[in-house]
Amino acid sequence: MDYKKISEKYIMNTYKRYPLTLVRGQGSYVYDEKGNEYLDFIAGIAVCSLGHAPALILEALKKQAEKLIHTSNLFYTVPQIELAEFLSTKFFGKEVWKLFYCNSGAEANEAAIKLVRKFHSDANKKRYEIITFFNSFHGRTYGALSATAQEKFHKGFEPMLEGFKYLPYNDVDVLRASITENTAAIMLETIQAEGGVNVANKDFLNAISEICKQNNILLVFDEVQTGLGRTGKLFSFQHYGIEPDIFTIAKGVAGGLPMGIMMAKRSVADAFVPGNHASTFGGTPLVCAVALEVLKKITDAEFLAEIEKKGNYLISRLTELKNELPIKNVRGKGLLIGVELDVKDASYIVTNAINQGLLINVTAGNVVRLVPPLTIDYNEIDEFIEKFKRSAK
């Protein structure tokens with residue numbers, strides 16, 4: 001069957017797809033309809049945090065599906081409450097954090113943007129402007145897209161929504177000069193994954209934290225791709241010892257099922273009242289039950305420490321290849337790694353890699369972004385290195 005032809009006939013052309021039809025996955029590998037095996041260093045773009053078809057997720061799915069799949073948010077459900085309590089109380093001491101459940105990172109960021117505006121509208125109607133940064137990526141819906149400071153994503157959809165100011169990343173002086181009485185929030189990723197795996201400087205984040213505290217500005221971290229163990233900490237902002245007022249998570253939170261969460265300190269979260277925001281499918285019993293089991297695994301201290309070790313090992317192996325391959329830079333944290341190549345367009349490597357039985361992708365033109373399952377092992381990292389060498393030559 002020609003799946004590509006059928007897809008092009010009936011599915012909108014919104015993705016540049018690779019010439020593979022995947023039918024099965026197990027652990028760190030996926031398989032196409034012809035039975036070919038591929039080592040997966042995309043993992044659904046950092047979504048399949050525990051790999052493909054892990055027993056933990058299958059068991060949670062079956063157990064909850066036999067009880068209750070969906071009710072709407074007009075009623076309380078046990079999995080939703082248990083997950084909220086787990087996230088809020090396990091990591092933030094006495095401070096109470098509240099959650100809003102949705103279905104994706106873009107939706108979580110939309111919720112964060114709305115909460116910023118609502119919080120300041122209750123206190124000071126002048127504050128509405130949100131500062132974001134060039135090379136950011138916050139999603140494809142209109143609010144999240146307007147927050148995304150990359151013109152290539154705006155093209156054809158102008159005008160963007162008002163109230164966003166774009167600044168250069170890691171530039172403290174420009175940031176300080178850009179604060180006004182209208183500034184409501186600063187919103188950023190500590191690692192710009194889609195923008196080329198650009199890592200925030202500690203001085204930059206310290207300055208942002210200071211500015212926010214001194215000026216009653218909300219600090220919003222987009223942890224959609226960087227959170228949930230991806231960088232070796234549960235949340236990437238923990239590397240810097242900085243705590244936001246609001247942050248968003250999605251992607252790997254439910255190990256492959258669609259879920260987004262916006263979290264906020266109670267003092268900020270209470271700006272939302274019934275009718276301000278909603279999501280029909282947000283926080284279904286099924287997805288919450290799975291997410292709770294995934295988080296129990298990811299939050300294990302030994303599991304997190306191993307992610308950091310595996311990330312360091314992968315970076316060291318890649319760094320060793322600088323004399324063999326056109327590698328300019330290797331950067332990132334944990335298992336979110338960017339390999340910047342000394343070429344204008346690195347997309348040819350993706351095709352070469354497929355032929356080698358390896359799945360990778362390229363962002364920002366010449367940066368190979370590596371986001372394997374967090375359960376990847378050292379032998380699989382070594383296998384990746386050999387396949388990558390053959391792909392990049």
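Scroll up a little and you will see the structure.
Sequence order as written defines the numbering, with residues in each chain counted from 1. The model is predicted, so local features are restricted to residues of pLDDT at least 70 and side-chain atom pairs to those at 80 or more, both for listing and for counting; the totals for chains, interfaces and linings are taken over all residues. Think of the side-chain values as coming from all heavy atoms in the structure, minus any hydrogens and water.

Q: What is the right way to look at the overall build of the protein in this model?
A: Every helix listed is a DSSP run of H or I at least four residues long, and every strand listed is a run of E at least two residues long, numbered separately from the N terminus. Summing up its helical and strand segments, the protein has 14 helices and 17 strands in all. To get the radius of gyration, use the C-alpha atoms; to get the globule rule, take the number of residues to the power 0.38 and multiply by 2.2 Å. By the compact-globule yardstick of 21 Å for 393 residues, the protein fits well, its C-alpha radius of gyration being 21 Å. Projected onto the principal axes, the alpha-carbon positions of the protein cover approximately 60 × 55 × 45 Å. Contact definition: two residues touch when any of their heavy atoms are within 4.5 Å. Long-range contacts, defined here as pairs at least 24 residues apart, represent 71% of the contacts in the protein between residues at least 6 apart.

Q: Sorry, what's going on with the packing of aromatic side chains here?
A: Only centres within 6.5 Å qualify two rings of Phe, Tyr or Trp (six-membered ring in Trp) as a pair; their planes then separate them into stacked at under 30 degrees, edge-to-face at over 60, and tilted for everything else. Per the stated rule, a full pass over the model turns up 13 aromatic pairs. Measuring from centroid to centroid gives 5.3 Å for Phe133 and Phe204, while their planes differ by 80°, and the two rings are edge-to-face. A residue pair is termed long-range when its members are at least 10 positions apart, and Phe133 in strand S5 (residues 129–133) and Phe204 in helix H9 (residues 202–215) qualify at 71 residues. Owing to a relative accessible area of 1%, Phe133 belongs among the buried residues under this scheme. Each residue in the set Trp97, Phe221, Phe235, Phe237 and Phe247 is aromatic and connected to the rest through ring pairs, giving one cluster. Any residue under 20% of the maximum accessible area for its type is buried, any over 50% is exposed, and the rest in between are partly exposed; the area is computed with a 1.4 Å probe on protein chains only.

Q: Explain the pairing of strand S13 (residues 327–333) here, please?
A: Regular strands have side chains that alternate between both faces of the sheet. DSSP-based pairing: two strands are paired if at least 2 bridges between them are found. For S13 and strand S14 (residues 336–341), the ladder comprises 6 bridges, and the chain directions are antiparallel. Bridging from a neighbouring strand, Val330 pairs with Val339 of S14. Connecting S13 to the antiparallel partner S14 that follows it, the hairpin turn spans 2 residues, and Gly334 within it adopts a positive phi of roughly 55°.

Q: How do you make sense of the pattern of salt bridges when you look at a structure like this?
A: Proximity of charged atoms lets side chains of opposite charge pair with each other. Salt bridges are defined as contacts in which a side-chain nitrogen from Lys or Arg sits within 4 Å of a carboxyl oxygen from Asp or Glu. Within the structure shown, the criterion is met by 16 salt bridges. Between Lys62 and Glu66 there is a salt bridge, and its shortest N-O distance comes to 2.8 Å. Its relative accessible area of 57% is what places Glu66 among the exposed residues. Residues participating in the shared-partner salt-bridge network are Glu243, Asp245 and Lys265.

Q: Just to check I follow, could you spell out the sheet that holds strand S16 (residues 361–363) for this structure?
A: For sheets, the rule is that strands pair by backbone hydrogen bonds, running either parallel or antiparallel. Pairing is antiparallel across the open sheet formed by 4 strands, whose spatial order is S13-S14-S17-S16. Sheet topology places S13 and S16 at the edges, where each strand pairs with a single neighbour. Looking at each pair of strands side by side, their axes are set apart by 30° on average, direction ignored. Here S14 runs beside strand S17 (residues 367–370); their pairing, made up of 4 bridges, is antiparallel. By the bridge assignment, Val339 is partnered in S17 with Val368. Axes here refer to lines fitted to C-alpha atoms; in helices the fit is confined to the stretch in contact. Angles between the N-to-C directions go from 0 to 180 degrees.

Q: Just to check I follow, could you spell out the packing of helix H4 (residues 78–91) against helix H11 (residues 285–298) for this structure?
A: Helices that pack against each other are described as a pair by the angle of their axes relative to one another and the distance between those axes. Contact geometry for H4 and H11: axes closest at 8 Å, N-to-C directions at 30°. Looking at the two axes, H4 sits roughly parallel to H11. The element H4 and its partner H11 pack so that their crossing is left-handed. On the side of H4, the interface is formed by Pro79, Gln80, Glu82, Leu83, Phe86 and Leu87, while H11 contributes Pro285, Cys288, Ala289, Ala291, Leu292, Leu295 and Lys296. When the residues that make up the contact of H4 with H11 are grouped by side-chain class, the tally is 10 nonpolar, 1 polar and 2 charged. Any angle that falls under 35 degrees is termed roughly parallel, while one over 145 is termed roughly antiparallel, one within 65 to 115 roughly perpendicular, and all others oblique. Handedness of a helix crossing follows the sense of rotation of the near helix relative to the far helix, less than a right angle counterclockwise being left-handed and clockwise being right-handed. All amino acids are sorted into three groups, where Ala, Val, Leu, Ile, Met, Phe, Trp, Tyr, Cys and Pro are nonpolar, Asp, Glu, Lys and Arg are charged, and the leftover types, Gly among them, are polar.

Q: Even after reading the chapter, I still don't get the pairing of strand S1 (residues 22–26), so can you show me in this structure?
A: Summarising the sheet, S1 and strand S2 (residues 29–32) pair through 4 bridges and their orientation is antiparallel. Bridged to Arg24 within S2 is Tyr31. The loop that links S1 with its antiparallel partner S2 comprises 2 residues; one of these, Gly27, has a positive phi angle of about 60°.

Q: So what exactly am I meant to see when it comes to the sheet that holds strand S10 (residues 218–222) here?
A: Ordered by their spatial adjacency, 7 strands build an open sheet running S4-S12-S11-S10-S7-S5-S6, and the pairing between neighbours is mixed. Strands with a single pairing partner mark the edges of an open sheet, and in this sheet they are strand S4 (97–102) and strand S6 (164–167). Taking each pair of neighbouring strands and ignoring which way they run, the sheet shows an average axis angle of 20°. In this structure, S5 lies alongside S6, joined through 4 bridges in parallel fashion. The residue of S6 that forms the bridge with Phe133 is Leu167. Docked against the sheet, H4 engages S4, strand S11 (246–249) and strand S12 (260–265), running at close to 135° with respect to S4. Of the strands in this sheet, S5, strand S7 (183–188) and S10 touch H9, which is tilted by about 155° from S7.

Q: Could you clarify how one ought to interpret the side chain of Arg331 in this entry?
A: The topology assignment puts Arg331 in strand S13. Of the residues examined, Arg331 reaches a relative accessible area of 17% and is grouped as buried. The term polar contact refers here to a pair of N or O atoms within 3.5 Å; inside protein, the definition further demands a hydrogen-donor-capable atom paired with an acceptor-capable atom, and it admits residues adjacent in sequence only when both atoms are side-chain atoms. A distance of 2.8 Å separates the side chain of Arg331 from the backbone oxygen of Gly196, its partner in a polar contact. Here Arg331 is in contact with Gly196, Val197, Asn198, Leu336, Ile337, Gly338, Glu340 and Val367, once residues within four sequence places are set aside.

Q: Mind showing me how you'd approach H4 here?
A: Since the α-helix packs 3.6 residues into each turn, any two residues three or four apart lie on the same face. Expected span, for any helix, means 1.5 Å times one less than how many residues it has. Relative to the 20 Å expected for 14 residues at 1.5 Å per residue, H4 spans 21 Å between its end C-alpha atoms, a close match to the ideal helical length. Within H4, the full set of buried residues consists of Pro79, Gln80, Leu83, Phe86, Leu87 and Ser88.

Q: Could you clarify how one ought to interpret unusual backbone geometry in this entry?
A: Backbone phi values are negative for most residues with the exception of glycine, while trans is the configuration of most peptide bonds. With an omega of 0°, the peptide bond running from Glu158 to Pro159 counts as cis. Position of Pro159 relative to the elements: it lies in the loop between helix H7 (151–154) and S6. Of note, Ala53 is a non-glycine position whose phi angle comes to about 55°, a positive value. Structurally, Ala53 is set in the loop between helix H2 (43–46) and helix H3 (55–65). For Ala53, a relative accessible area of 35% corresponds to the partly exposed category. One non-glycine residue, Val197, adopts positive backbone phi at about 55°. Within the element layout of this structure, Val197 appears in the loop between strand S8 (191–192) and strand S9 (198–199). Taking relative accessible area as the criterion, Val197 reaches 0% and is therefore assigned buried.

This is a description of form; function is not addressed.
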